2 protein chains.
Amino acid sequence: MWDRFIRACRREPVDATPVWFMRQAGRYMQEYRAIRAKWGLLEICKAPELAAQVTLQPLVHGVDAAILFADILLPLEPMGAPFEFAAGEGPCMLSPVSDARGVEALRVFDVEEGLGFVLAALRILRRELEGKTPLIGFAGAPFTLASYLVEGGRSSGYTRIKRLMYDEPKVWCVLMNKLAEVVRRYLRAQVDAGAQVVQLFDSWVGALAPVDYQEFVLPHVRTILRDLETTGVPVIHFGTGTGALLELQQEAGGHVIGLDWRVRLDEAWARLGYDVAVQGNLDPVLLGAPRPMLDKRVRTILAQAAGRPGHVFNLGHGILPDTPPGNVRYVVDRVHELSQEQ
Amino acid sequence: MWDRFIRACRREPVDATPVWFMRQAGRYMQEYRAIRAKWGLLEICKAPELAAQVTLQPLVHGVDAAILFADILLPLEPMGAPFEFAAGEGPCMLSPVSDARGVEALRVFDVEEGLGFVLAALRILRRELEGKTPLIGFAGAPFTLASYLVEGGRSSGYTRIKRLMYDEPKVWCVLMNKLAEVVRRYLRAQVDAGAQVVQLFDSWVGALAPVDYQEFVLPHVRTILRDLETTGVPVIHFGTGTGALLELQQEAGGHVIGLDWRVRLDEAWARLGYDVAVQGNLDPVLLGAPRPMLDKRVRTILAQAAGRPGHVFNLGHGILPDTPPGNVRYVVDRVHELSQEQ
């Protein structure tokens, strides 16, 4: 069943639980490292043929979806906030945004002009995958993008972004409005270019208190997701550390709520209610564990999801670089076999 | 009411909600920086008179408890795993533990011999504070201590410690047994030396899936807390990122569950049930926010805790170094005033 992933997102019955992995194209694959030996991460993103090639690499593991190879930070450059990846490090903003002037200078750009290469890669992939494997588009959510913009890179404490939020609520609102409009246009354009499912990555929103999420973030995410719902394409809404934010994330929107490993899938789904699908939620470190342990935890997740359609198997976050590729294939096969037995 | 903090821990009625702050003695205070200009962090910990002096500094803000100035890593050195604090950095283990041999070499030591200076500081403080301010002792919990031992310092992904847990469950068990016995003896000795309440800091346990916490951590924490309960002293059980672990932490023990800001206090307390007290849970970044914002969030927390005894006001984690000391005093006063009005 080529479309079991899309069907599960819509909570329709499937022959087996679909499975894909966040960051399934990446350094754990020899084929990817071979390409990265010649090209930088951003160079691959900006060359549609290369991005499409890398996107297709993990299909060898039998996953049920392909996710466009790209980086969540790509929209920041055409907004006027360039960044680079230092060797072995995370992203580094060349001029972090810290005040009203910095926010004022950010541009809401035309997607075809600023990120046409992403749309081109999606068009290539859609032709390549038609009727074989569904294609996922994605974007970072406003808070998560803002965390890089303001902190200047990956953060441990999110102190600067929270200070901006608490100290300058009007500047914050302008920033979030701009980011939300950029993300809304970007995801819409991805759907127009052929993405059959889209995932919104609010990866770092778990740093917030529920009351702060509600006041400072939720309205902006809702603007994006309300609009996307009119496209008819399933939307996955994902974050990490969101154990106490799940209901609010659901209120913001999405057909599928992405769960990280810090929650029990069955408890989270019961809290959300069964009119939403769920995706997750194996700890990425388990992909490197001995097979008996890995098998045990895969079984636990499948058992917690059993009894109704609407579960997409995934990790709780991206694949780690030192993951043995054989284990990726192993989990794909176990998920398919065990869910068919159920 | 000098003992409103102890009374709240026991869920007894109080005249006002007690308040103290994790890391209330620290770099945000000019008086502390003056001492740190002359002495290193570990030097202060190891000099009972100095440690006692620093412990007393934040009482100027009107807090309802004094917490011994010490570091959660102190027990690692007498276990045979020394560490140091690089300037401006977190702790750095000189030889991280990575295998059975490293675990085998760790010693379960005699507390008076290995950490007599901590007990001496407690004895000084107890004399100083008698009948005026309750004294809190504390220790890091086995998982959190192990995370430093194995990762070599502060971690972002907890990959190494999880690998050890998944790959070598027997070695893991030996490691946790040793740490649990060290922590149990250490906290017991602190109670004997005069600590009137103790807090167990399992600060980083929120990195784990509930099923992993249950299998690999909970039994060891329970061993410690069951034993401590026989001392008659209230025990606070604290972690961060534990939104989905609270019930399991409660199962492991403690009279008070420490909440971080990522959960709503009212929802968390309802989940735990009202036969346990709660502590928390202001985002530490808010202590640097403008007064109207800070006041709003303090009110929200007090309103969520209203209606029954058993709430200790605190942050969701430690005070940040750039916190204005005036805001600490402000929050103490607001908590006292507002809770008296309620």
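Residues numbered from 1 in each chain as written. Chains lettered and ligands numbered in written order. Predicted model: local features only at pLDDT ≥ 70, side-chain atom pairs only at ≥ 80, totals over all residues.

**Focus: the overall build of chain A**
Turning to step 1, where the next piece is worked out: Looking only at helices and strands, chain A features 16 helices and nine strands.
Turning to step 2, where the next piece is worked out: Relative to its length of 342 residues, chain A is compact, with a C-alpha radius of gyration of 19 Å against a globular reference of 20 Å.
Turning to step 3, where the next piece is worked out: With respect to the three principal axes, the spread of C-alpha positions in chain A is 60 × 45 × 35 Å.
Turning to step 4, where the next piece is worked out: The buried share among the 342 residues of chain A stands at 52%.
Turning to step 5, where the next piece is worked out: Within chain A, contacts between residues separated by at least 24 positions form 72% of all contacts whose residues are at least 6 apart in sequence. (Helix = DSSP H or I, 4+ residues; strand = E, 2+ residues; numbered from the N terminus. Rg over C-alpha atoms; globule rule 2.2 N^0.38 Å. Buried ≥ 20, exposed ≤ 12 C-beta atoms within 10 Å, placed from the backbone. Contact = placed C-beta atoms within 7 Å.)

**Some remarks on the relation of the copies chain B and chain A**
Turning to step 1, where the next piece is worked out: Superposing chain B onto chain A takes a rotation of 180° plus a shift of 0.0 Å along the axis, which leaves an RMSD of 0.0 Å. Here the symmetry operator amounts to a two-fold rotation axis. Distance from the rotation axis, computed per C-alpha, reaches its smallest value in chain B at Gly243 of chain B: 2.7 Å.
Turning to step 2, where the next piece is worked out: Interface residue correspondence from chain B to chain A reaches 100%, placing this contact among same-surface, isologous pairings. (Least-squares fit on C-alpha atoms with pLDDT ≥ 70 in both.)

**Things to note about the nonpolar core**
Turning to step 1, where the next piece is worked out: If you look at the biggest cluster of nonpolar residues, it comprises 234 residues, and the most contacted ones within it are Leu68, Ile136 and Val198 of chain A together with Leu68 and Ile136 of chain B.
Turning to step 2, where the next piece is worked out: The element best represented in this core is helix H10 (residues 169-193) of chain B, accounting for eleven residues.
Turning to step 3, where the next piece is worked out: For Leu68 of chain B, the contacting residues outside a window of four places in its chain are Thr55, Ala121, Leu122, Leu125, Leu135, Ile136, Gly137 and Phe138 of chain B. (Core = buried A, V, L, I, M, F, W, Y, C linked by C-beta atoms within 7 Å.)

**Things to note about the interface of chain B and chain A**
Turning to step 1, where the next piece is worked out: Each partner contributes to the interface: chain B provides 26 residues, whereas chain A provides 26 residues.
Turning to step 2, where the next piece is worked out: Where the side of chain B that touches chain A is concerned, the elements lending two or more residues are helix H9 (159-167), helix H11 (210-229) and helix H14 (291-305) of chain B.
Turning to step 3, where the next piece is worked out: Looking at the side of chain B that touches chain A element by element, the count peaks at five residues for H9 of chain B.
Turning to step 4, where the next piece is worked out: Taken together, the residues that form the side of chain B that touches chain A break down as 13 nonpolar, seven polar and six charged. (Nonpolar A, V, L, I, M, F, W, Y, C, P; charged D, E, K, R; others polar.)

**Regarding the packing of helix H8 (residues 142-151) of chain B against H10 of chain B**
Residue and element names in this part refer to chain B.
Turning to step 1, where the next piece is worked out: In contact at an axis separation of 9 Å, H8 and H10 are set at 120° when each is read in the N-to-C sense. Accordingly, the angle class assigned to the pair H8 and H10 is oblique. The two elements H8 and H10 cross, and the hand of that crossing is right-handed. Where H8 approaches H10, its residues Pro142, Leu145 and Ala146 are matched on the opposing element by Leu175, Met176, Leu179, Ala180 and Val183.
Turning to step 2, where the next piece is worked out: Here the contact of H8 with H10 is composed, by residue class, of eight nonpolar, no polar and no charged. (Axes fitted to C-alpha atoms, helices over the stretch in contact; angles between N-to-C directions. Parallel < 35°, antiparallel > 145°, perpendicular 65-115°, else oblique. Left-handed = near helix turned anticlockwise from the far one by under 90°.)

**Quick notes on the pairing of strand E4 (residues 135-140) of chain B**
Residues and elements named next belong to chain B.
Turning to step 1, where the next piece is worked out: Of all six residues making up E4, six are buried, and the element is well covered by its neighbours.
Turning to step 2, where the next piece is worked out: Covered by surrounding structure in E4 are Leu135, Gly137 and Ala139 together with Ile136, Phe138 and Gly140, the residues of both alternating faces.
Turning to step 3, where the next piece is worked out: Across two bridges, strand E1 (residues 66-67) lies against E4 in parallel orientation. Among the inter-strand pairings, Ile67 is bridged to a residue of E4, identified as Ile136.
Turning to step 4, where the next piece is worked out: In this structure, E4 lies alongside strand E5 (residues 197-202), joined through five bridges in parallel fashion. Considered in E5, the bridge of Ala139 is made with Leu200. (Pairing = 2+ DSSP bridges.)

**Here's the deal with helix H16 (residues 325-341) of chain A**
All names here are of chain A.
Turning to step 1, where the next piece is worked out: When the terminal C-alpha atoms of H16 are compared, their 25 Å separation across 17 residues agrees well with the 24 Å that a helix rising 1.5 Å per residue should span.
Turning to step 2, where the next piece is worked out: Those residues of H16 that sit buried are Val328, Val331, Val332, Val335 and Ser339. Across the axial projection of H16, the buried residues extend over an arc of 100°, all falling on one side. When the buried face of H16 is taken as reference, the exposed residues oriented beyond 90 degrees from it are Gly326, Glu337, Gln340 and Glu341.
Turning to step 3, where the next piece is worked out: Those residues of H16 that are buried are in contact with helix H15 (291-305) and strand E9 (311-315). (Expected span 1.5 Å × (residues − 1). Arc of directions from axis to C-beta.)

**Topic: the confidence of the model for chain A**
Turning to step 1, where the next piece is worked out: Counting all residues, the mean pLDDT for chain A is 97, and 100% of those residues have values of 70 or more.
Turning to step 2, where the next piece is worked out: At the level of chain-chain contacts, confidence expressed as ipTM amounts to 0.95, with global pTM at 0.97. (pLDDT = per-residue confidence, 0-100.)

**Let's talk about helix H15 (residues 325-341) of chain B**
Turning to step 1, where the next piece is worked out: All of the buried residues in H15 of chain B are Asn327, Val328, Val331, Val332, Val335 and Ser339 of chain B.
Turning to step 2, where the next piece is worked out: Of the surrounding secondary structure, the elements contacted by the buried residues of H15 of chain B are H14 and strand E9 (311-315) of chain B.

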